[in-house]
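Coordinate inspection notes
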Amino acid sequence: MSLRSILLGILFATLAFLGGASAHESRPAYMEVTEIAPHRYQVLWRTPLLSGMRLPVALRFPDGTRNVTEPTLREFPDSLVERRLIELGSGLTGARIEIVGLQATITDALVRVQLLDGSYSTTLVRPSKPWVEIATSRSSLEVARTYLMHGIEHILLGYDHLLFVLALVLIVRRRGVLLTTITAFTIAHSITLSLAALGVLHVPGPPVEATIALSILLLACEIIRSDRGQPSLTAQWPWLVAFSFGLLHGFGFAGALTEIGLPQGDIPLALFAFNVGVEAGQLLFIAAVLGLLRLATWVRLPAFVAQHARLATTYAIGIMAGYWFIERIAGFTG
């Protein structure tokens, strides 16, 4: 089958079966509370737009809170941002802010609080416990734990990044070469993630996301070429291809980190913990894939079943990547 036939098949399957698929559907909400005067707080509340719809959540402040300025709402392509100035006579320290409706979603919310005395806290609020209690400060250990968990969750819910890693596992047969390849991918996306998160480099998000999808599609085509014994750059130099595309994927990770922000007092720690979380999640995924492959060898499936399963997996990767590429191109061009 020619490359043209593969691409036509991907396009047909995309239109026929994948009208609603997407990646990164659980971007976090984000709240920032800054005390600007005794008992007065500036509040920023950002909620993601999912398929053009606002996340059905709302803030509930402690009794006695009053709006000094009424909420103002600004809409962006991927989120809604609400700002207001509130006042609470007893102060927010020790008080609880509830996120009503979060329990009915799969979305987390990151909450950053900066008090007038310079103390701050960073908390990840989950749907199972949709509120945050304002403490005077949080330890560095708590900041590290928060960003570590968010890094793990981001990679495990980042289906496009996982498909890229899966494609690498399928195309690299030898375990030693696979280790080198994954290490190259890790180093590359760690570099661009750090540089972009710190504001040293800036690349527009939508083109990056579209190109990430294209990179997965190209890897799927490379798997087909390699299986047919045709020349394949990825099969010959997998670490080089992984490193090159890893630089691109790092900008995608940085986009997620930018959405939740970095705590001003612990930027290096939060960045390091998020990076470690991404790598931990990635290694968990690779271990699961290798475990399934090992299980398949123990079961001793017939050769034709294993061959067709590999081919079907490759086509599924290509179909999903093709859909995401078309969807993302349409998103930022139209």
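Quick caveat: nothing in here was measured; it's all calculated off a predicted structure. Here the residue index of a chain counts from 1 through its sequence in written order. Only residues with pLDDT of at least 70 get local features here, since the model is predicted, and only at 80 or more are side-chain atom pairs given and counted; chain-wide, interface and lining totals rely on the full set of residues. Excluded from the side-chain calculation are hydrogens and water; included are all heavy atoms of the structure.

1. Focus on the overall build of the protein chain
The helix and strand tally for the protein chain stands at nine helices and 10 strands. Here's how the labels work: a residue is buried when its accessible area is under 20% of the maximum for its type, exposed when over 50%, partly exposed in between, all with a 1.4 Å probe on protein chains only. Residues classed as buried in the protein chain amount to 47% of the 334 residues present. Here a residue-residue contact requires only that any non-hydrogen atoms of the pair lie within 4.5 Å. When contacts within the protein chain are restricted to residue pairs at least 6 apart in sequence, long-range pairs at least 24 apart make up 73% of them. Here, Shrake-Rupley sampling with a 1.4 Å probe gives the accessible areas, and only protein chains in the shown set may cover a residue. For the protein chain, the accessible area works out to roughly 16,600 Å², and carbon and sulfur atoms hold 64% of it. A run of H or I in DSSP counts as a helix once it spans at least four residues, and a run of E counts as a strand once it spans at least two, with each numbered from the N terminus.

2. Some remarks on the pattern of salt bridges
A carboxyl oxygen of Asp or Glu within 4 Å of a side-chain nitrogen of Lys or Arg is what we treat as a salt bridge. Tallying each qualifying case throughout the model produces 13 salt bridges. With a closest N to O distance of 3.0 Å, D160 and R328 form a salt bridge. Note that D160 is positioned in helix α3 (residues 159-171) and R328 in helix α9 (residues 303-333), a separation of 168 residues in sequence. The exposure classification of D160 matches that of R328, with both residues buried. R173 is the partner of D227 in a salt bridge, and the nearest nitrogen-oxygen pair spans 3.2 Å. Of the two residues, D227 is situated in helix α5 (residues 205-227) and R173 in the loop between α3 and α4 (175-197); the sequence distance between them amounts to 54 residues. Classification of D227 by relative accessible area gives partly exposed; the value is 37%. Because the salt bridges share partners, they merge into one network encompassing R40, R66 and E87.

3. Comments concerning unusual backbone geometry
Look at H39: it is not a glycine, yet its phi comes out positive at around 70 degrees. Within the element layout of this structure, H39 appears in the loop between β1 (29-37) and β2 (40-50).

4. Some details on the side chain of S79
Of note, S79 is situated in strand β6 (residues 79-87). In this view, S79 contacts R46, T47, P48, L49 and R74; residues no more than four positions away in its chain are not counted.

5. Considering the sheet that holds strand β4 (residues 58-60)
Strands sit in the order β4-β7-β10 across an open sheet of three strands; the sheet is antiparallel. Of all the strands in the sheet, just β4 and β10 (131-133) have a single pairing partner and so form its edges. Pairs of neighbouring strands in the sheet enclose a mean axial angle of 20 degrees, with direction left out of account. The criterion for strand pairing is that DSSP finds at least two bridges linking the strands in question. For strand β7 (residues 96-100) and β10, the ladder comprises three bridges, and the chain directions are antiparallel. By the bridge assignment, R96 is partnered in β10 with E133. Angles shown run from 0 to 180 degrees and are taken between the N-to-C directions of axes, each axis being a line fitted to C-alpha atoms and, for helices, limited to the stretch in contact.

6. Digging into the packing of α3 against α5
Packed helices, taken two at a time, are described by their axes: the angle between them and the distance between them. Contact geometry of α3 with α5 gives a least axis separation of 10 Å together with a crossing angle of 20 degrees. Looking at the two axes, α3 sits roughly parallel to α5. The crossing of α3 and α5 is left-handed. On α5, the residues touching D160, H161, L163, F164, A167, L168, L170 and I171 of α3 are E209, I212, S215, I216, L219, E222, I223 and S226. In this classification, the charged set is Asp, Glu, Lys and Arg, the nonpolar set is Ala, Val, Leu, Ile, Met, Phe, Trp, Tyr, Cys and Pro, and all remaining amino acids, among them Gly, are polar. For the contact of α3 with α5, the residue count by class is 10 nonpolar, three polar and three charged. The scheme is simple: roughly parallel for angles under 35 degrees, roughly antiparallel for over 145, roughly perpendicular for 65 to 115, oblique for anything else. If you view the pair so one helix is near and one far, a crossing is left-handed when the near helix is turned anticlockwise from the far one by less than a right angle, and right-handed when it is turned clockwise.

7. A few points about the pairing of β1
In this sheet, strand β8 (residues 109-114) lies alongside β1 in parallel orientation, the contact comprising six bridges. Looking at the pairing, V33 lines up with V113 of β8. Inspection of the sheet shows β1 paired to β2 by seven bridges, in the antiparallel sense. What sits directly across from M31, in β2, is W45. Between β1 and β2, which follow one another and run antiparallel, lie two residues, and H39 among them has a positive phi close to 70 degrees.

8. With respect to the pairing of β6
With seven of nine residues buried, β6 lies mostly within the body of the structure. Bridge analysis of strand β5 (residues 66-75) against β6 gives seven bridges, and the strand direction is antiparallel. The residue of β6 that forms the bridge with E75 is L80. The loop that links β5 with its antiparallel partner β6 comprises three residues.

9. Some words on a nonpolar patch on the surface
Surface patches are drawn from residues lacking salt bridges whose relative accessible area is over 30%; two like charges belong together within 9 Å, two nonpolar side chains (Val, Leu, Ile, Met, Phe, Trp, Tyr) within 5 Å. A cluster of nonpolar residues, I187, I191, L195, L198, V200 and L201, forms a patch on the protein surface that exposes about 490 Å² of accessible area. With respect to the helices and strands, L195 occurs in helix α4. On the basis of relative accessibility, which here comes to 30%, the residue L195 falls in the partly exposed class.

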